[in-house]
Amino acid sequence: AAAAAARRHARATGSRRGGYLGHPATISHAVARYAGDRDALDRAGLEVDPTLSRHDLRTSAQAQAALLELLDHDDPPTAVFASQNLITIGAIRALRQRGLQRTFALVGFDDISLADLLDLPVTLVVQDVEAMGKLAAELLFGRLDGDRSPMRQHAVDTRLVPRGSGEMRAPG
């Protein structure tokens, strides 16, 4: 849902070609974020171009190199969703390296300390870490009190925080 919200936000600015920077497919939340991103593109009737996706990134340096590569594509993306905070940092560095930080739409995932203080504040999908911690503590204390119910998956809502970088109008 978070990735889809990020993509819908970029789409509202006129973006028609979405790039994706993410973690390896061996990480479950990375798979879910990539699927949400692709689903949002598909629902908008936009082409899903797998050559504009990199989902094997583990460091900000890898993300920076990957976005530079995508920017050199014959038909580059008009917006990028970076699925994790280190990846977002690499994307910011790539955009600054090319002088595109004020003209290219970027939405990241996970809050980044000082993101609102950058030259162009970064638009992010943020998790409610307080709610996540509270839920984790409740589940832990429940287990300690004898709860033996089967494991289940829990989801904590995210929210989009528009700060400027995701609101860039797509060229053309």
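Remember, predicted model here, so these are calculated numbers, not experimental data. (Residues numbered from 1 in each chain as written. Predicted model: local features only at pLDDT ≥ 70, side-chain atom pairs only at ≥ 80, totals over all residues. Heavy atoms only, no water.)

A. Fine view of the overall build of the protein. When helices and strands are counted, the protein shows five helices and six strands. Taking all 172 residues of the protein together, the buried fraction comes to 42%. Excluding contacts between residues fewer than 6 apart, the proportion of contacts in the protein whose partners are at least 24 apart in sequence is 73%. In the structure as shown, the protein presents an accessible area of about 9400 Å², 54% of it carried by carbon and sulfur atoms. (Helix = DSSP H or I, 4+ residues; strand = E, 2+ residues; numbered from the N terminus. Buried < 20%, exposed > 50% of the residue type's maximum accessible area, 1.4 Å probe, protein only. Contact = heavy atoms within 4.5 Å. Areas by Shrake-Rupley, 256 points an atom, 1.4 Å probe, with all protein chains shown as cover.)

B. How the structure looks around the pairing of strand S5 (residues 123-127). With respect to burial, S5 is a largely interior element, four of its five residues being buried. When S5 meets strand S6 (residues 158-161), the two strands line up antiparallel, connected through four bridges. When the bridges of S6 are listed, Gln127 appears paired with Thr158. (Pairing = 2+ DSSP bridges.)

C. Main features of the packing of aromatic side chains. Within the structure shown, the criterion is met by two aromatic pairs. Here the aromatic rings of Tyr20 and Tyr34 are separated by 4.9 Å at their centres, their planes lie at 65°, and the arrangement is edge-to-face. With a gap of 14 residues between them, Tyr20 in strand S1 (residues 18-21) and Tyr34 in helix H2 (residues 28-43) connect regions that are remote in the sequence. Judged by its relative accessible area of 0%, Tyr20 is buried. (Phe/Tyr/Trp six-rings, centres within 6.5 Å; stacked < 30°, edge-to-face > 60°.)

D. How the structure looks around the nonpolar core. One finds Leu21, Leu57, Leu67, Val80, Ile87, Leu95 and Leu106 to be the most contacted residues of the largest nonpolar core, which totals 23 residues. For this core, the elements supplying multiple residues, two or more each, are helix H3 (60-71), strand S3 (79-82), helix H4 (85-98) and S5. Ranked by the residues each element gives to this core, the list is headed by H3, at six residues. If near-sequence neighbours (up to four positions away) are discounted, Leu21 is found in contact with Arg54, Leu57, Ala63, Ala66, Leu67, Leu70, Val80, Phe81, Ala82, Ser83, Ile87 and Ala91. (Core = buried A, V, L, I, M, F, W, Y, C linked by side-chain atoms within 4.5 Å.)

E. Structural context of the sheet that holds S3. Ordered by their spatial adjacency, six strands build an open sheet running S2-S1-S3-S4-S5-S6, and the pairing between neighbours is mixed. Among the strands making up the open sheet, the edge pair consists of strand S2 (53-54) and S6. When S1 meets S3, the two strands line up parallel, connected through four bridges. Each bridged residue has a counterpart across the sheet, and for Leu21 the counterpart in S3 is Ala82. Strands in contact with H2 are S1, S2, S3, strand S4 (105-109) and S5; relative to S1, the strand with the most contacts, it is inclined by about 180°. The strands that H4 touches are S1, S3, S4 and S5; relative to S4, the one it contacts most, it runs at about 160°. (Axes fitted to C-alpha atoms, helices over the stretch in contact; angles between N-to-C directions.)

F. Fine view of a nonpolar patch on the surface. On the surface, Leu140, Phe141 and Leu144 cluster together to form a nonpolar patch covering roughly 340 Å² of accessible area. Examined against the element boundaries, Leu144 turns out to sit in helix H5 (residues 129-144). Given a relative accessible area of 62%, Leu144 falls into the exposed group. (Patch = residues over 30% accessible without salt bridge, like charges linked within 9 Å, V, L, I, M, F, W, Y side chains within 5 Å. Salt bridge = Lys/Arg side-chain N within 4 Å of Asp/Glu carboxyl O.)

G. Here's a closer look at the pattern of salt bridges. On inspection of all chains with the given rule, the structure shows two salt bridges. For Arg54, the salt bridge goes to Glu69, with nearest N and O atoms at 2.5 Å. One end of the pair, Arg54, is in strand S2; the other, Glu69, is in helix H3, and 15 residues separate them in sequence. We classify Arg54 as buried; its relative accessible area is 18%. Asp72 is the salt-bridge partner of Arg98, the closest N and O atoms lying 3.0 Å from each other. Placement of the pair is Arg98 in helix H4 and Asp72 in the loop between H3 and S3, with a sequence separation of 26 residues.

By themselves, these observations are geometric and do not establish any function.
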